[in-house]
Amino acid sequence: MRSRSTTALLLLPGLAFLLLGFLVPALAMLFAPPGTETSAIFVRLGEMLVDPYDLAIIGRTLLLSLIVTFVCVLLGFPVAYLLARTSSRWSGVLLALAIFPLLLSNVVRTFGWLVVLGSNGAIGQLLTGLGIVDEAPQLLYTPLAIVLGLTQLFLPLAIITCYSAVSQVDAGLDDAARGLGASRGRTFRDVVLPLSLPGIIVAATLVFAGSVTAYTTPYLLGGSGNRMLSTQLFTYSSVTIDWASASATAIIMTVLVFVVSGISSLAGRKGATA
């Protein structure tokens, strides 16, 4: 009982800070923004769910976020597996290099893509220099640019999350499976992957949530022709000062994150028990 009381007292300051600093402002933004009635928010929400323009933005946000999530997990898990299983003395350095982009500013990394994808950028000059095309293609301000920028932004996060999951899987299980005649591929598929599935689900959830809510990268790389929910939210809250639309947009973003996270968690549980 004393241990439980001590634990509760230690958790109380953090919970109070979380409640006052995050939950209360978030709920106020969603349902009680300045000078706006809750009914007006839900009226605007209903309008957005039937407006083709808003539906296109919602669909684009969902599609691009799912693509980024898939690519990050697809690229990040093999890297995390190799880092967790390597016996090299440079493993710590390799891990640091893999997650080093997290130390850089998001704005700096995004402006790097402006240089690469611009009409006079590295890719355009390479294609025209090799004679593949006569004129540099328009890669900037496209959905592809948004996917590339968000993938670079969240790939280190996927790697470090998957690395934590794989490192907790005993490497002796790999040797045991190999000793029983399983190939490397089958050991990876039937042993490492299922045991690492909870970490993969967490990585996918973090990447998807970050992709849905990211603002700087979609704004700089997508332009006005490829708006996402995050850029719309900024416009409503800082340009047009339409708090009802801002709250409705925030509700849609929150629901998307929770629904996809719930589906991924359910799929992970079924996969673990299969």
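Residues numbered from 1 in each chain as written. Predicted model: local features only at pLDDT ≥ 70, side-chain atom pairs only at ≥ 80, totals over all residues. Heavy atoms only, no water.

Caption draft 1: View of the packing of aromatic side chains. Throughout the structure, instances matching the rule amount to two aromatic pairs. Their ring planes at 20° and their centres at 5.4 Å tell us that tyrosine 215 and tyrosine 219 sit as a pair that is stacked. The class of tyrosine 215 is partly exposed, set by a relative accessible area of 25%. Each ring, one from tyrosine 215 and one from phenylalanine 234, has its centre 4.7 Å from the other, and the planes form 35°; the classification is tilted. Taken together, the residues span a long stretch of sequence, with tyrosine 215 in the loop between helix H9 (184-213) and helix H10 (216-222) and phenylalanine 234 in helix H11 (residues 229-238) at a distance of 19 residues. Site record: aromatic cluster; members linked through ring pairs are Tyr215, Tyr219 and Phe234. (Phe/Tyr/Trp six-rings, centres within 6.5 Å; stacked < 30°, edge-to-face > 60°. Buried < 20%, exposed > 50% of the residue type's maximum accessible area, 1.4 Å probe, protein only. Helix = DSSP H or I, 4+ residues; strand = E, 2+ residues; numbered from the N terminus.)

Caption draft 2: How the structure looks around the confidence of the model for the chain. Scored by pLDDT, the chain has a mean of 85; 97% of the residues are at 70 or more. By mean pLDDT, helix H8 (residues 171-179) is the weakest element of the chain at 76, and helix H3 (residues 52-85) is the strongest at 93. (pLDDT = per-residue confidence, 0-100.)

Caption draft 3: Up close: the pattern of salt bridges. Across all of its chains, the model carries two salt bridges by this definition. Here arginine 44 ties to aspartate 54 by a salt bridge, and the two come within 3.7 Å at their closest N and O atoms. Here arginine 44, found in helix H2 (residues 38-48), pairs with aspartate 54, found in helix H3; they are 10 residues apart in sequence, far enough to count as distant. The class for arginine 44 is buried, based on a relative accessible area of 16%. Counted as one network, the salt bridges with shared partners bring together Arg44, Glu47 and Asp54. (Salt bridge = Lys/Arg side-chain N within 4 Å of Asp/Glu carboxyl O.)

Caption draft 4: Inspection of the packing of helix H4 (residues 91-99) against helix H7 (residues 143-167) at higher detail. Orientation of H4 relative to H7, taken along the N-to-C sense of each, is 140°, at an axis distance of 8 Å. Here H4 is positioned oblique relative to H7, judged by the angle of their axes. Two secondary-structure elements touch here, H4 through Leu95, Ala98 and Ile99 and H7 through Pro156, Ile159, Ile160 and Tyr163. When its residues are assigned to classes, the contact of H4 with H7 shows seven nonpolar, no polar and no charged. (Axes fitted to C-alpha atoms, helices over the stretch in contact; angles between N-to-C directions. Parallel < 35°, antiparallel > 145°, perpendicular 65-115°, else oblique. Contact = heavy atoms within 4.5 Å. Nonpolar A, V, L, I, M, F, W, Y, C, P; charged D, E, K, R; others polar.)

Caption draft 5: Representation of the packing of H8 against H9. Across the interface, H8 lies against H9 with an axial gap of 10 Å and an inter-helix angle of 140°. The orientation of H8 with respect to H9, classified from their angle, is oblique. When the axes of H8 and H9 are compared, the crossing they make is right-handed. Facing H8, whose interface residues are Leu173, Asp174, Ala177 and Arg178, H9 presents Arg184, Thr187, Val191, Val192 and Leu195. Its residues assigned to classes, the contact of H8 with H9 shows five nonpolar, one polar and three charged. (Left-handed = near helix turned anticlockwise from the far one by under 90°.)

Caption draft 6: Focus on H2. For H2, the complete set of buried residues consists of Ile41, Arg44, Leu45 and Met48. When H2 is viewed along its axis, its buried side chains cluster within an angular range of 105° and face the same direction. (Arc of directions from axis to C-beta.)

Caption draft 7: Quick look at H7. Taking 1.5 Å of rise per residue, the 25 residues of H7 would be expected to cover 36 Å, and the 35 Å separating its terminal C-alpha atoms lies within 8% of that figure. If you look at H7, its biggest bend is around 40°, right at phenylalanine 154, and the proline proline 156 turns up within four residues after that. (Expected span 1.5 Å × (residues − 1). Bend = angle between axes of the 7 residues up to and from the residue.)

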